[in-house]
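Fold and contact review
Okay, here's what each chain looks like letter by letter:
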Amino acid sequence: MSHIVVLGAGLGGIIMAYEMKTKLRREDRITVVNLGSHYSFVPSNPWIAVGWRKPDDITVDLVPVLKQRGIELRPEGAERIEPASNRIRLNGGDVIDYDYLVIATGPELAFDEVPGLGPAGFTQSVCQTDHALQAKTAFDALVKAPGPVVVGAVQGASCYGPAYEFAFILDTALRNARVRDRVPMTFVTPEPYIGHLGLDGVGDTKGLIESALRERHIKWITNARTTKAEADRLVVEEVNDDGSIKAVHELPFSFSMLLPAFRGVPAVYGIEGLTNPRGFITIDKHQRNPAFPNIFAVGVCVAIPPLDKTPLAVGVPKTGFMIESMVTATAENIASLLKGEKPKAVASWNAVCLADFGDEGIAFVAQPQIPPRNVNWSSQGKWVHAAKVGFEKYFLRKVRQGKAETFYENLVLDMFGIKKLKEIHIETAE
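What comes next is a walk through the structure. (Residues numbered from 1 in each chain as written. Predicted model: local features only at pLDDT ≥ 70, side-chain atom pairs only at ≥ 80, totals over all residues. Heavy atoms only, no water.)

Considering the packing of helix α1 (residues 11-21) against helix α7 (residues 320-338)
Put simply, α1 and α7 touch, their axes get as near as 9 Å, and they point 35° apart. Relative to α7, α1 is oriented so that their crossing is right-handed. Judged by residue contacts, Leu11, Gly12, Ile15, Met16, Glu19 and Met20 of α1 engage Gly320, Ile323, Glu324, Val327, Thr328, Thr330, Ala331, Ile334 and Ala335 from α7. Here the residues of the contact of α1 with α7 are counted per class, giving nine nonpolar, four polar and two charged. (Axes fitted to C-alpha atoms, helices over the stretch in contact; angles between N-to-C directions. Helix = DSSP H or I, 4+ residues; strand = E, 2+ residues; numbered from the N terminus. Left-handed = near helix turned anticlockwise from the far one by under 90°. Contact = heavy atoms within 4.5 Å. Nonpolar A, V, L, I, M, F, W, Y, C, P; charged D, E, K, R; others polar.)

Structure representation (structure tokens):
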């Protein structure tokens with residue numbers, strides 16, 4: 001009998017548990033360790049922040065779902081992984097052993113790296129559902145007393161799509177409230193140009209997003225190093241290509257939402273051989289950690305080096321569809337090990353992003369995510385908003401049913417030319 005533990009029940013972790021369950025032998029067992037017993041669909045958080053969704057709309061109670069699937073849930077969360085002993089020390093003192101561990105924790109949000117940043121400071125966040133709910137309170141205050149808005153991401157961030165998405169959703173919500181004319185907006189980002197996205201652009205994302213910002217009267221500052229947030233202003237250093245300071249901007253705001261940099265969670269941070277200096281899990285092409293070969297990792301917690309050199313730190317995003325290919329490859333590889341075979345599955349790492357504007361949106365597809373690419377495509381239109389709503393409903397249904405794959409993924413997205421999102425490559429025998 002083998003015990004497989006999945007650490008984390010976010011977008012990657014919960015699907016990892018479902019897909020891994022289908023690969024196990026009768027005598028094997030699987031446990032999910034998570035801080036809490038609920039799954040929340042993070043991509044919908046921007047809608048919560050403007051009142052278009054409520055937390056209950058995007059939350060799933062995992063207790064009955066996992067029980068029905070025969071998957072144990074430990075909601076205490078992990079205090080520390082002890083890879084040399086093949087065990088996890090849980091919050092509260094319990095210890096569980098594992099034969100194979102899949103780390104899917106997501107990141108820790110490094111708000112503390114910029115003074116005044118975050119929900120405990122002076123800016124809002126949509127990274128977590130409780131953050132988005134707090135942002136909704138601030139949004140309501142903005143509608144009652146309109147003033148300047150600053151939206152974007154700070155240096156070291158690695159997920160830029162939601163920052164752009166929220167800027168446009170906020171613009172739409174303010175227009176719906178008939179106060180947009182009294183709300184000047186500025187977008188700040190460490191990217192070297194608009195639409196870089198940590199991917200050196202995808203298709204014409206630069207042109208599409210710049211055009212959308214101009215159309216909606218949103219100014220922008222690129223190569224922006226955020227140095228501090230205060231109660232009513234943001235201090236940003238705009239840098240040259242060599243990193244020297246070009247200008248210092250003091251941006252007043254009545255409302256600000258800035259995505260922070262990410263780092264590894266405390267349960268894994270600083271474990272030699274397991275993580276890089278930022279605490280992200282190092283893996284080989286089979287999603288496997290080289291130092292501890294019975295540990296795999298999927299999702300945002302995975303270490304991926306930047307694609308190119310930029311004046312400021314710009315991380316590489318891990319999109320939901322890319323994560324699903326990681327999950328499929330990991331499940332295949334652990335299944336191979338259970339059968340006494342070598343891992344052979346390699347994730348496609350295709351990147352697909354649907355950035356909703358509330359009434360339309362921009363989509364991009366990078367196959368694979370890291371250049372050179374076979375597909376390098378972006379498009380804009382009302383269909384993106386419809387697709388984002390459809391994906392939300394599909395994914396939540398998938399989580400509630402305890403399934404790793406459904407009809408929507410196999411057929412509907414194919415209609416948009418996004419094929420085989422979870423496609424993996426099986427290496428031939430040597």
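Here's the deal with α7
An ideal rise of 1.5 Å per residue puts 27 Å on 19 residues; α7 measures up with 27 Å between its terminal C-alpha atoms. Judged by how many residues are buried, α7 sits mostly within the fold: 17 of 19 residues are covered. Where α7 ends, the next residue or the one after it, glycine 340, has phi of about 80°, a positive value. (Expected span 1.5 Å × (residues − 1). Buried < 20%, exposed > 50% of the residue type's maximum accessible area, 1.4 Å probe, protein only.)

Some remarks on the packing of aromatic side chains
Across all of its chains, the model carries nine aromatic pairs by this definition. Between phenylalanine 168 and phenylalanine 357 the ring centres are 4.0 Å apart and the planes differ by 35°, which places this aromatic pair in the tilted class. Of this pair, phenylalanine 168 sits in helix α5 (residues 161-176) while phenylalanine 357 sits in the loop between β21 (351-356) and β22 (361-367), and the two are 189 residues apart along the sequence. No difference in accessibility class separates phenylalanine 168 from phenylalanine 357, as the two residues are buried. (Phe/Tyr/Trp six-rings, centres within 6.5 Å; stacked < 30°, edge-to-face > 60°.)

Side note on the pairing of strand β2 (residues 29-33)
Counted residue by residue, β2 has four buried out of five residues, so it is predominantly covered. Here strand β1 (residues 3-7) pairs with β2 via five bridges, running parallel. Residue pairing in the sheet places leucine 7 in a bridge with valine 33 of β2. Handedness of the β1-α1-β2 crossover: right-handed. In terms of strand pairing, β2 meets strand β5 (residues 72-74) through three bridges, oriented parallel. Across the sheet, valine 32 pairs through a bridge with leucine 73, a residue of β5. (Pairing = 2+ DSSP bridges. Right-handed = clockwise from strand over helix to strand, strands pointing away.)

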